[in-house]
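# Breakdown of the fold
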Amino acid sequence: IGVLGSLLAQRKWDALFRRQLGYALWAVPAALINAFQSYARTNLAMAMRVNLMSRLREGLCATPSLPALFHEIAPVAAAKKEQDSAVQLCTADVNAFCVEAVALYEGMLKPSVEVIILSTTLGGLMGGKQLAKCYAYFFAAGCWTRFVGPSFATSSAAKERAEGQLLAGHARLHEFAEEVTMLRGGEAEGEQLDAALAALESASSRLALGRFASEALDGYALRHMGILAAFTAMLPAVYHGTSSRAASDPTEYFLTCLHLLVNVGMACKDLVLSSKALAAARGFASRLEALYAALARAPPPRPPPAADG
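This text gives an overview of the structure that appears in the document. From a predicted model like this one, the values you see are computed outputs, not experimental measurements.

The rules behind the values
- Residues numbered from 1 in each chain as written.
- Predicted model: local features only at pLDDT ≥ 70, side-chain atom pairs only at ≥ 80, totals over all residues.
- Heavy atoms only, no water.
- Helix = DSSP H or I, 4+ residues; strand = E, 2+ residues; numbered from the N terminus.
- Buried < 20%, exposed > 50% of the residue type's maximum accessible area, 1.4 Å probe, protein only.
- Contact = heavy atoms within 4.5 Å.
- Salt bridge = Lys/Arg side-chain N within 4 Å of Asp/Glu carboxyl O.

### A closer look at unusual backbone geometry
Residue R11 is not a glycine yet carries a positive backbone phi of 60°. If you trace the backbone, R11 turns up in the loop between helix 1 (2-10) and helix 2 (13-62). Since its relative accessible area comes to 59%, R11 is described here as exposed. In this structure, R184 takes a positive phi of about 55° despite not being glycine.

Encoded structure:
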């Protein structure tokens, strides 16, 4: 980016065309790497889900009393003879946990690698002192946003519980459709469904409002102010001419450093925002933990009685 901007400013059209062609060729493996990242994320989440579901299937098949197990992990639904909350735990929540867990690891690994690579380049361009000041701002801003920002673990868990209640209500209505019609219980069932929908709407609104506040805060402190902090940290090398590259071609140096610093800022922002994936994963993990703990506490099935004679 810096070389292209410098060649454009100097109107060196032949060299600019060759650089553009080189950029287009390097973009091919870069696009493949980005696509492979998404492909690997999907496959990893599915592999994790298969492992968890296999363990879950073994536990469900081995438990001596499925009603007792469902009553332990979803007591409210079990009291109403509804098992759909347990069904959601065993299916949708397992899938959501795997997706969020993989997103958490990706959100921590990829930005860390980017920061290391870009910092090595920037250290030679700007100097370690200015780069350290820039990173100090991102660290302080990230800590501050996490301290004043809302928590999503409780809100995510509440939303998933409300989803389970709404799913249970519709499944009950479908299963006992004839009984509801004969007893003219449509109005009562409708009131329960409305209550479940209202609870889901309230939980979703609280979660969406918290995410709105967090994203606005993160966008201002880490993205926009981060770009300004990176620009300010780059200026001394240009002003004092401490770098030979800055002295020989300030345009190239300016654009190169700015581009790299913006990318470092975005990588640091992604690294800090990985805490959101952690909160979402914790919300699902707390529900799955109760399920797997109940399976672990279940007594082993009794052996069949021995045949006489």
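### Focus: the environment of E189
Tracing the backbone through its elements, the reader meets E189 in helix 10 (residues 186-240). On the basis of relative accessible area, E189 is assigned to the buried category, the value being 14%. In contact with E189, not counting residues within four places along its chain, are R172, L173 and V180.

### Notes on the side chain of Q130
Structurally, the position occupied by Q130 is in helix 7 (residues 128-148). With relative accessibility at 16%, the residue Q130 sits in the buried group. Among residues more than four places away in sequence, those in contact with Q130 are A233 and P236.

### Some thoughts on the pattern of salt bridges
Evaluated as defined, the whole model comprises 4 salt bridges. A salt bridge links E163 to K159; the nearest nitrogen and oxygen atoms lie 3.4 Å apart. In this pair, E163 and K159 are both assigned in helix 8 (residues 153-175), 4 residues apart and thus about one turn of the helix distant. You can call E163 partly exposed: its relative accessible area is 27%.

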